[in-house]
Structures are given as structure tokens and as C-alpha cells.
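Notes for the structure review
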Amino acid sequence: MTVQIIPKHPIPSGFSDALVKPADYALLYDESIRDPDSFWGREGKRLDWIHPYSKVKDTDFTMGQVSIKWFEDGMLNASVNCIDRHLATRADQTAIIFEPDDPKATARHITYAKLSEKVNRFANVLLSQGVMRGDRVIIYLPMIPEAAYAILACARIGAVHSVVFAGFSPDALASRINDCGAKLVVTADTAPRGGRRTNLKSNADAALLHCSDRVRCLVVKHTGDQTTWIDGRDVDVLKMMEEVGPDCPPRPMNAEDPLFILYTSGSTGRPKGVVHTTGGYLVYAAMTHEYVFDYKDGDIFWCTADVGWVTGHSYIIYGPLANGATTVMFEGVPTYPDPGRFWDVCDKHKVTQFYTAPTAIRALMGQGSEWVDKHDLSSLRVLGTVGEPINPEAWVWYDHHVGRGRCPIVDTWWQTETGGHMITSLPGAIETKPGSATLPFFGVKPKVLDPTSGQIIHGNGVEGVLAIADSWPGQMRTVWGDHERFMETYFQQYPGYYFTGDGCRRDEDGYYWITGRVDDVINVSGHRMGTAEVENALVAHEKVAEAAVVGYPHSLKGQGIYAYVTLINGADPSDDLKRELETWVRTEIGPIAKPDLIQWAPGLPKTRSGKIMRRILRKIAEDDFGALGDTSTLADPGVIDELIQNRANRG
Ligand code: WTA
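Owing to the predicted nature of the structure, the values given are computational and were not obtained by experimental measurement.

The next point concerns the side chain of Asn 120. Assignment of secondary structure puts Asn 120 in helix α5 (residues 112–128). Excluding anything up to four places from it in sequence, Asn 120 contacts Arg 156, Gly 245, Pro 246, Asp 247 and Cys 248.

Below, the structure written as C-alpha cells:
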């Protein structure tokens, strides 16, 4: 077999003076692996500590006793690190640029002084509602500055925030409120996006019907639209912020106190509450933000993610603000009012680093290059991508039309669980290859494992599953309320390693190529969706007897959702019912979970013990059923022909 070696893409010639020089990467990486205590002991000092740490790393990946602690005897407050410590030098510098959905509305520049006042007031409102250290607060807000205030206010008083993406349904919201036992939900009246408005408050109302009636609801009157109001439960938070005092002393927190919970989809069951703690997470978010984006004083940083995902946590809020940056918060969508919006905003605010998802790049590429070519993008220095592997065609377009060949592209591989970037190039230090996340970040020890034996595959030009051999400060610590599940999910299959759930290849140059999930998680437009979650939603419909959901290649979304549905006896397999099921899933989980293709399946391929053979369903959904592999263990091989005949994704 001949192996095609993809050549490296040189660092753009005009890009110089990067924080990490090409020769430094190898040296620093080497030190970070050889002596993590000294490396991270030094990096930890990038934060302000109320009580300095004397211990750096205390971690154990042994199944059954997994324990991860960093800087464990240190004390700090995350909001102080993101706000107070900048006030002496940056009070009048813009911390947040808020770009509203409506391009004609004026952007808001929130200075560090203003941010400080808002966060202190918000924190006082939380205290007035009885929120105490360690209590959980659900934040169900659109991309508005109040989301940042709410997050940092929780951090200030030591409450644990859990942001729920505003695109999730009332049911999804309710299950998260209940899982973490939240005392309070912060939401807004309505949320404009792409010129349309979602009534978040009515979603929250619907969710709260399924929760304890002690849960309070703080409402940000953002648009002023009329909503229902329940006296005694609902609180006008903006009004209250005017009434409470402007100072709220920060609560000293232990480095290992939880900072936030973020729910994410796994291969089985309900979404897991990923727990991140205060010290390690913040060190890691700040450090990766600085090095990976070559962040320097005065830069205008724009991450287009939603604050409801980990990318928004680490690279809109915590990383940039810990570094005293100016961070852009964009309320809208890339195609409203036209497909030039991103570039218009880059030009308008003189953005220096731009970080987005491959799915957005592909969508904009499809609209024609004229939308980007006409804008002045000379302020841009570094481009980034995240969320899914980027196809080389989109990479080249991004490089050429957005970066104009001047800007290094950082393809950052990481996960909700990892807190920050894990495998990524560094601008000016690591040459890129379109489609490869390149090399590990400092302190990260990636290993390619044989999926069956679990043995390490050494050398280059190899492929397997991706595991990480040692801890890094941004690592999740546990699953909220279920440490057993944490260990089983990440440490059981390959003992001694953190298992990522991704497949990967290490090429002849030692570069990593993520090949996608190897578990039952699909990546739709860079968002993680568990197939089991969509199946559970489908079978909850009265006409559905059984459902199996798999991913298939989708030209814009990366992966699409393909659902095989078996109806109950007597139900009519009509197109109307398909529409009904699509709407059903949207309301059960949210629009991102809507199946792209539904196929009626009179039967599903199962083993004699009744296990659905997803491998076969995946092949059929991929329109690649030539080699279905071993089907001899099937209970009824006849169902396969039927499924192939009526497949919904003909090439
Ligand atoms: C995928 C998002 C290839 C991967 C930060 C991972 C990527 C999952 C990349 C995590 C990338 C993320 N190249 N694949 N640069 N970035 N992924 O938790 O499958 O929403 O396991 O975190 O996205 O998704 P999550």
C-alpha cells in the first residue's frame, strides 16, 4: 500500500513575532511532559490566587479510584481573575463587544469597569434570592451580555452554573434543572435570532411545570416582549440589579470547587453533567486562549460559538476575560441579514482572531465567495476552527478568502470534557496540514490505541482510537452526582487512559487526524448528539414501536441524523407522519436533534440476543451497503434487503 504523505502548509511569511516560536514548541512540550509539576506550577501563576497552591498535580487514572486534582490547596475566585484584577489597568478598556442580531441596532461596548458593576449587582441579586455557595443555577439565555454577567456572578459567590443552550426544548431544560437540583433558572423574555424570535420564557415556564415549585426564575427583559408572569416565582432581574448594591465581595473558592456543570451527550442514556472545577479549568482556558490564538494585548477576539456550549465557556467568557481581552458576543446567525454578516462584523469591530466551526465555513462557502471578498479583513491575524474535522476544501477556502493567505489556521481538537484545546497547531510555531489538528498542546499525551486489544500503537503512519495517557489541568473531574458513570465512560474500556470516544490517525509526520466518533455519538454541525437520546424521543411517540438512529455523511452538517422507525401495528407510514415525527423530536429535544432522514423499517437487523446491529444500519445510511460484513449472527437476515431497497439516502 502506498501512503500519500500530505505536505505541510508553511507558516504565512508575514506572520512573525508569535508568542511561541517554532523552536520553542518542542522544548516546552518536552518539559511539560517530563516535569508537569514544574511546568504547570509556573503556568498556574498566570492567575491571581487568594491563597497560593503548594501542590500542583495529584491525579490517578486507575479504574475504580480515578481522582483528578490540580493546585488543590490553592484558593482563588474566577470572577476576580476575569474582572477585578484587570481594573487597575483596564477599567476603561472594552471587555465585551455585544453585536446584536439586528445589524441596524448599535453594538454595545461594555468596559471592564461596567462588567464589574454588572456582575457585582447580578451576584447581589442571586444572594438576595437565597443562592448560596455550592448551589446550582441554570442559565437558559441567548447570546446577550447578561449571559456573561450571570456566569461570572455565579462564580463570584461560588454558585455552580450550568448553562443550557437556548435551542433546547422545555423537556431537555427540565431534565437538566432536575438532574443538578438547581435552585434557580435565569432566562430572558424572547430571543431574536436571524430576525425571528424564540419565546424563551414560555419554554422555561413549560420546563418548570416538571420541577420543584421552589425553583425561582430570574427573567432578563431583553426585548420587552410580553410574556406570562408568575408572581412570587418570577423576578425581573434587570430591575432588581438597580435596587441592590454595586459591590459583592468575591467568595474565596478552593481550586477544586466546582465552577460549572455542562451537560453533554454520550453514547448511552441521558446527557451527562460534565463537572469542571475552578483552578485547573481557568489556568487551562486562559493559557490555551493565549498560546493557541497568539493572543496579545489590544486584540479583538471573536469566537462565534454559543455560550451554551463549552466553546463559548472557554473562549468567549473565561479564557479571553482571564487574559484581559476584548471578546465579541454575537447574538445572530451567519446568514442574517445576508451571508456577509460574519465578515461585516469582523470588519466593523476590527477583529484580530476569528474562531468558528467547519459547518459555518461550508455553509458560507456555498453562498459564494463574493460575500467575503468585498470586505476589508486586514485586521485578522489568526483563524481557528473547532467542533468536527474540517474538510480540506473548506480549509483552503477559509485560508484563501478569509485569511487571504496571511493568517495561520488553528484546527483545534478538544471536547466538553477536556475544558480546552488538546490537539492543535500554534500560530507561527507549528506548520499546518488542511484537515489535521496537527500536534498536542503542552502537557497533553495523546496515544493511538488498538481498538480491540487496547494496546498502544507506536510509531507513525498508524490508526486507531484516541486516548490520553495523563491528566491536564482542564480535564473534567466527574459526572455530576455519578462518579461511577464518569469512570465507566472514560476509564473502563482502556484501563489507565482517558478515552476520548474519537478515532484517529497519526501520519508519517506524527500529525494527528481525527477521524470522528467511534461510539454512538453523532456530530451534527459541530454539536454532539447521542443516538440514544433521539431514539428515546422517537419511541416516546405513540405510533412508534421501535427506532434506531445513526449518523451519515452530510455535505453541510458534517453528519446528518438518519432514523429507522418501526411503527406500531396499524399505523400508516405516511409522509405526514414523518413530518409529525420530525416536529415531535424538535419539541422533545430541540431543533438540532431533528432527523434529516426517516426510513420506515418494518424490522430492524438484530442479533439473536436482540441487539440492534448498528454497524449494518450505518452502512445502509451511508449508501455503502456493498460490504455489510458478517451478517451470519442476524436473527432475520431478510430485513436487510428490505432496508436497502427502501433506503432514504441514495447516492
Ligand atoms: C469533535 C467541542 C475533529 C470530536 C469543543 C470530539 C473535532 C467532539 C474537533 C467534542 C476538531 C471537536 N477536529 N473533530 N478540531 N473538535 N471535534 O464536546 O469528535 O461539543 O470528540 O466539544 O467534537 O464535541 P464537544
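Next, the rest of the story.
Tallied over the full model, the rule gives 42 salt bridges. With a closest N to O distance of 2.8 Å, Arg 381 and Asp 299 form a salt bridge. In this pair, Arg 381 is assigned in the loop between α14 (370–373) and β19 (382–386) and Asp 299 in the loop between α10 (278–292) and β16 (300–303), connecting sequence segments 82 residues apart. In this structure, Asp 519 engages Arg 517 in a salt bridge whose closest nitrogen and oxygen atoms are separated by 2.6 Å.

UniProt's entry tags Val 539, His 541 and Val 544 with the feature "binding site: Mg(2+)" (unreviewed entry), counted in the numbering of this structure. Of note, His 541 is situated in the loop between α17 (531–539) and β28 (544–554). Not counting the four nearest positions on each side in its chain, His 541 is found in contact with Leu 577, Glu 580, Leu 581 and Trp 584. With respect to the helices and strands, Val 544 occurs in strand β28. Given a relative accessible area of 6%, Val 544 falls into the buried group. In this structure Val 544 touches Leu 538, Val 539, Val 565, Thr 566, Leu 567, Ile 568 and Leu 581, once residues within four positions along its chain are discounted.

This next bit is on the pairing of strand β27 (residues 527–530). In terms of strand pairing, strand β26 (residues 521–524) meets β27 through four bridges, oriented antiparallel. For Val 524, the partnering residue across the bridge sits in β27 and is His 527. Where β26 hands over to β27, the hairpin turn is made up of two residues, of which Ser 525 adopts a positive phi near 50 degrees.

Let us look at the sheet that holds β16. The seven strands lie next to each other as β5-β4-β17-β16-β18-β19-β20, forming an open sheet whose pairing is mixed. The open sheet is flanked by β5 (108–111) and β20 (409–412), the only strands paired with a single partner. On average, each strand axis in the sheet is tilted by 20 degrees relative to the strand beside it, whichever way the strands run. In this sheet, β20 lies alongside β19 in parallel orientation, the contact comprising four bridges. Note that in β20 the partner of Leu 383 across the bridge is Ile 409. Packed on one face of the sheet, helix α6 (residues 145–157) meets β4 (94–99), β5 and β17 (326–330) and runs near 20 degrees to β5.

In this section: helix α16 (residues 483–491). Buried within α16 are the following residues: Arg 485, Phe 486, Met 487, Tyr 490 and Phe 491. Tucked inside the fold, the buried residues of α16 contact β2 (67–70), β15 (272–277), β23 (478–479) and β24 (498–506).

For the rest of this paragraph, the subject is the nonpolar core. Counting residues in hydrophobic clusters, the biggest one holds 168 residues, and the most contacted among them are Leu 115, Phe 122, Ile 177, Tyr 318, Leu 426 and Phe 442. With ten residues, the top contributor of residues to this core is α6. Those residues in contact with Leu 426, other than ones at most four positions away along the chain, are Val 20, Tyr 25, Tyr 291, Val 292, Val 410, Phe 441 and Phe 442.

Assignment of secondary structure puts Gly 629 in the loop between α19 (614–621) and α20 (638–645). When its relative accessible area of 53% is taken as the criterion, Gly 629 is described as exposed. Residues Gly 629 and Arg 528 lie 101 residues apart in sequence; the distance between their C-alpha atoms is 28 Å.

Cut-offs applied
Residues numbered from 1 in each chain as written. Predicted model: local features only at pLDDT ≥ 70, side-chain atom pairs only at ≥ 80, totals over all residues. Heavy atoms only, no water. Helix = DSSP H or I, 4+ residues; strand = E, 2+ residues; numbered from the N terminus. Contact = heavy atoms within 4.5 Å. Salt bridge = Lys/Arg side-chain N within 4 Å of Asp/Glu carboxyl O. UniProt positions renumbered as here; feature names shortened; annotations may be inferred. Buried < 20%, exposed > 50% of the residue type's maximum accessible area, 1.4 Å probe, protein only. Pairing = 2+ DSSP bridges. Axes fitted to C-alpha atoms, helices over the stretch in contact; angles between N-to-C directions. Core = buried A, V, L, I, M, F, W, Y, C linked by side-chain atoms within 4.5 Å.

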